[in-house]
Amino acid sequence: MNGFSAGAVISEWIGYGVEAFGISSPPVKAVVSVAGLLTYAVDEMSTWIGLDSPPVFLVHNANDRVVPYGSTNLLMNRFEELNKPRALHCEETRAHLIDVMAVDHQQGM
């Protein structure tokens, strides 16, 4: 599952949160979330993210003014607690975007 902003919120919820509401999550191999948000509640994060949760790759600007960074930090902390596969790319900007011009594109992609 992957998404940006609202799409990232949906990806995180499908990957980690929907079962809390009695909805079966489809088989998810990994979640890629760019500026997403799952929850700010530590107890919910601890309940929803377990040893069987799929790996996560998060991209978020630490000073994002649209989707605050706090939930991303909680999600990373939970994955660290469980020693689960995870990655975080964080920038110190206030932007709520992906700077595609800053990405190193390779030929043939």
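Provided above is the structure to which this section pertains.
Peer 1: If you had to explain helix α1 (residues 6-17) to someone new, which residues and values would you point to?
Peer 2: Those residues of α1 lying buried are Ala8, Ser11, Glu12, Gly15, Tyr16 and Gly17. Taken end-on, α1 shows its buried residues confined to a sector of 165°, consistent with a single buried face. If you follow the buried residues of α1, they end up packed against β1 (2-4), β2 (31-34), α2 (42-48), β3 (56-61) and α3 (70-81).

Peer 1: Tell me what's going on with the packing of aromatic side chains, and back it up with residues and numbers.
Peer 2: In the structure shown here, the tally under the stated rule is 3 aromatic pairs. An angle of 55° between the planes, with centres 4.9 Å apart, marks the rings of Trp13 and Trp48 as tilted. A residue pair is termed long-range when its members are at least 10 positions apart, and Trp13 in helix α1 and Trp48 in helix α2 qualify at 35 residues. With a centroid separation of 5.7 Å and 70° between ring planes, the pair formed by Tyr16 and Phe79 is classed as edge-to-face. Of this pair, Tyr16 sits in helix α1 while Phe79 sits in helix α3, placing them 63 residues apart in sequence. For the pair Tyr16 and Phe79, a shared accessibility class is recorded, and that class is buried.

Procedures and definitions
Residues numbered from 1 in each chain as written. Predicted model: local features only at pLDDT ≥ 70, side-chain atom pairs only at ≥ 80, totals over all residues. Heavy atoms only, no water. Buried < 20%, exposed > 50% of the residue type's maximum accessible area, 1.4 Å probe, protein only. Helix = DSSP H or I, 4+ residues; strand = E, 2+ residues; numbered from the N terminus. Arc of directions from axis to C-beta. Contact = heavy atoms within 4.5 Å. Phe/Tyr/Trp six-rings, centres within 6.5 Å; stacked < 30°, edge-to-face > 60°.

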